[in-house]
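Spelled out from the first residue to the last, the chains are:
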Amino acid sequence: PVASKDVEANLTQLEYLALNSSMNLADGHARQFLTPGQAVIIDDLANIFRESETTPVEELEIRAHQAFFGVLGQHSYPGADGRVLACYSSSVAMEILSRSLVTKIDRMALVHPTFDNIPDILRGVGITLTPLEEDVLHGGDLDARLLDSVGAVFVTTPNNPTGRVVPEERLRRLAEQCREHDVVLCLDTSFRGFDISAQYDHYAVLEGSGCRWAVVEDTGKLWPTLDLKIGWLVTSANLGLPVGKIYSDILLGVSPMILTLVRRFAEDAADGGLADLQKFIQHNRTVLRTALDGVPGIHFPDLHSRGSVERIHTGTRSSMEVWSALRDRGVYALPCHKFHWADPAGGDSTLRIALARSTESLTECARIIREVLLEL
Ligand SMILES: N=C(N)NC[C@@H](O)CC(=O)C(=O)O
């Protein structure tokens, strides 16, 4: 039986339930084992602390974002003139951006579906949201009437949970339309590390467009650093919003040690680690899909996705029923109703599985998922 409190819970509250389970497939945080190269960094933490203690923080910050944006192909990011702000997490960056936006705008178009803490944060500061369906976003020019009715457009790319990526030409045209209508273009690119099609130089497109823009980047989804992470908030020179002032309301700066840790993980990623991570996630995706081969009624709606999460369509089964039956077996997934923040019924038949887990754990969970699906 599904308790109403679980139906009402937001996605992060459902993720809390899983935090102490060895079979946690709920949150999109990196919980796979450290690679040998990453273990060397962790074994060097004392030296990382000492280096971070004695090096000027500005130098640590520049080295960290040069390494991170560089490995992800973002060579035109504006690292030189203070437009890259380091935050404790991408959600903190999101809160700062939202408080900045609402000083000037009160309506936004937000991609639908997407992770519910994004609409929750935006609504939390008083912004009214209009859903921007993925197929509309990817289909071509946005309707001028939509763009004249909002002050900003917010897009998660790669999207969560669908994995859908805004390609370069689409981003260029979207930025051009936003400039024409003086609409702020906001991106959440937290999952870009997993998908090389999301690693074209977004900042070259954004800077070249002349539109007002802001991007939230996240180191926390990629590497198993026990949530020692940075959310970067990057903004255009012409944004015209009090991002720096509101940043100063929230924090002075992140720990220099985490800046150094991020730099070291990004350097390891550049030394083959990112390609290995992408292969690892794709292998786990194959393990999950193979384990469910032949289960009546289910399919995988996001065949293109390379992100560290995978949706299962549960056929005629209710995703909440499947989620509840899995939880009874100690396995935690995410029902997708709350990703469909404007129409929860849209997620009634899909379940999200986290792939950034050890292959051994995922294999055992996939076996149980198969059993549960065959019983329902
Ligand atoms: N501040 C929040 N709510 N953090 C949870 C978020 O990081 C999880 C996530 O994004 C995902 O599971 O896809």
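Quick note: structure is the one above.
Thresholds, definitions, all that
- Residues numbered from 1 in each chain as written.
- Predicted model: local features only at pLDDT ≥ 70, side-chain atom pairs only at ≥ 80, totals over all residues.
- Heavy atoms only, no water.
- Near = heavy atom within 4 Å.
- Polar contact = N/O pair within 3.5 Å; in protein donor to acceptor, adjacent residues only side chain to side chain.
- Areas by Shrake-Rupley, 256 points an atom, 1.4 Å probe, with all protein chains shown as cover.
- 1 Å grid on protein atoms, 1.4 Å probe; cavity = no way out; pocket = protein on both sides within 12 Å on 5 of 7 lines; lining within 4 Å.
- Sits in = over half its atoms within 2 Å of the grid points.
- Buried < 20%, exposed > 50% of the residue type's maximum accessible area, 1.4 Å probe, protein only.
- Helix = DSSP H or I, 4+ residues; strand = E, 2+ residues; numbered from the N terminus.
- Pairing = 2+ DSSP bridges.
- Salt bridge = Lys/Arg side-chain N within 4 Å of Asp/Glu carboxyl O.
- Contact = heavy atoms within 4.5 Å.
- Axes fitted to C-alpha atoms, helices over the stretch in contact; angles between N-to-C directions.
- Core = buried A, V, L, I, M, F, W, Y, C linked by side-chain atoms within 4.5 Å.
- Points joined across faces, edges and corners; volume = space filled by probe spheres on them.
- Nonpolar A, V, L, I, M, F, W, Y, C, P; charged D, E, K, R; others polar.

This paragraph deals with the site of the ligand. As a matter of local geometry, the ligand sits amid Thr12, Glu15, Asp27, Gly28, His29, Ser91, Phe115, Asn117, Asn160, Phe191, Lys221 and Arg352. A distance of 2.8 Å separates an oxygen atom of the ligand from a polar backbone atom of Gly28. Within the complex, 82% of the 360 Å² of free accessible area of the ligand lies under protein. Among the cavities detected, the one that contains the ligand is the largest pocket.

Counting buried positions along strand 10 (residues 350-354) yields 5 of 5 residues, so the element is predominantly enclosed. As judged from the 5 bridges shared by strand 8 (residues 309-313) and strand 10, these two strands associate in the antiparallel manner. Counterpart to Arg311 in the pairing with strand 10 is Arg352. Examined bridge by bridge, strand 9 (residues 334-335) and strand 10 share 2 bridges and lie antiparallel to one another. By the bridge assignment for strand 10, Pro335 is matched with Leu351.

What follows is about the pattern of salt bridges. This structure, assessed with the given rule, holds 34 salt bridges. Arg99 serves as the salt-bridge partner of Asp249, at 3.3 Å between the closest nitrogen and oxygen. Placement of the pair is Asp249 in helix 12 (residues 243-250) and Arg99 in helix 6 (residues 90-101), with a sequence separation of 150 residues. Given a relative accessible area of 39%, Asp249 falls into the partly exposed group. Relative accessible area serves as the criterion here: at 30%, Arg99 is assigned to the partly exposed category. For Arg172, the salt bridge is made with Glu168, and the minimal N-O distance between the two is 3.4 Å. Of the two residues, Arg172 and Glu168 both sit in helix 10 (residues 168-180), 4 residues apart, roughly one turn of that helix. You can call Glu168 partly exposed: its relative accessible area is 31%. One network of salt bridges, in which partners are shared, links Glu51, Glu59, Arg63, Arg263 and Glu267.

The next thing to look at is the sheet that holds strand 10. Two strands in a sheet stick together by hydrogen bonds in their backbones, pointing the same way (parallel) or opposite ways (antiparallel). Spatial strand order, 8-10-9: 3 strands in an open sheet with antiparallel pairing. Strands with a single pairing partner mark the edges of an open sheet, and in this sheet they are strand 8 and strand 9. Packed on one face of the sheet, helix 14 (residues 319-328) meets strand 9 and strand 10 and runs near 40° to strand 10.

What follows covers the nonpolar core. Counting residues in each nonpolar core, the largest one holds 120 residues, and the members touching the most others are Leu101, Leu185 and Trp232. No other element matches the 12 residues that helix 13 (residues 256-291) contributes to this core. The residues touching Leu185, leaving out its near neighbours within four places in the chain, are Val153, Leu171, Leu174, Ala175, Cys178, Leu206, Cys211, Arg212, Trp213 and Ala214.

This next bit is on the sheet that holds strand 4 (residues 152-156). One open sheet accounts for 7 strands, arranged 1-7-6-5-4-2-3; its pairing is mixed. Each edge of the sheet is formed by a strand with only one pairing partner; in this case those strands are strand 1 (84-87) and strand 3 (128-133). Mean inter-strand twist for the sheet, computed between neighbouring axes without regard to direction, equals 20°. Here strand 6 (residues 213-218) pairs with strand 7 (residues 231-235) via 5 bridges, running antiparallel. Opposite Val215, over in strand 7, you have Val234 as the bridge partner.

Moving on to the layout of surface pockets. Here the largest pocket is characterised by a volume of approximately 470 Å³. Forming the walls of the largest pocket are 27 residues, and the residues nearest its centre are His29, Ser91, Phe115, Asn117 and Lys221. Those elements that provide at least two residues to the lining of the largest pocket are helix 2 (11-18), helix 6, helix 7 (117-124) and strand 6. Of the residues assigned to the lining of the largest pocket, the class counts are 7 nonpolar, 11 polar and 9 charged. One number sums up the size of the second largest pocket: a volume of about 390 Å³.

Note that all results are geometric; they support no functional claim without further evidence.
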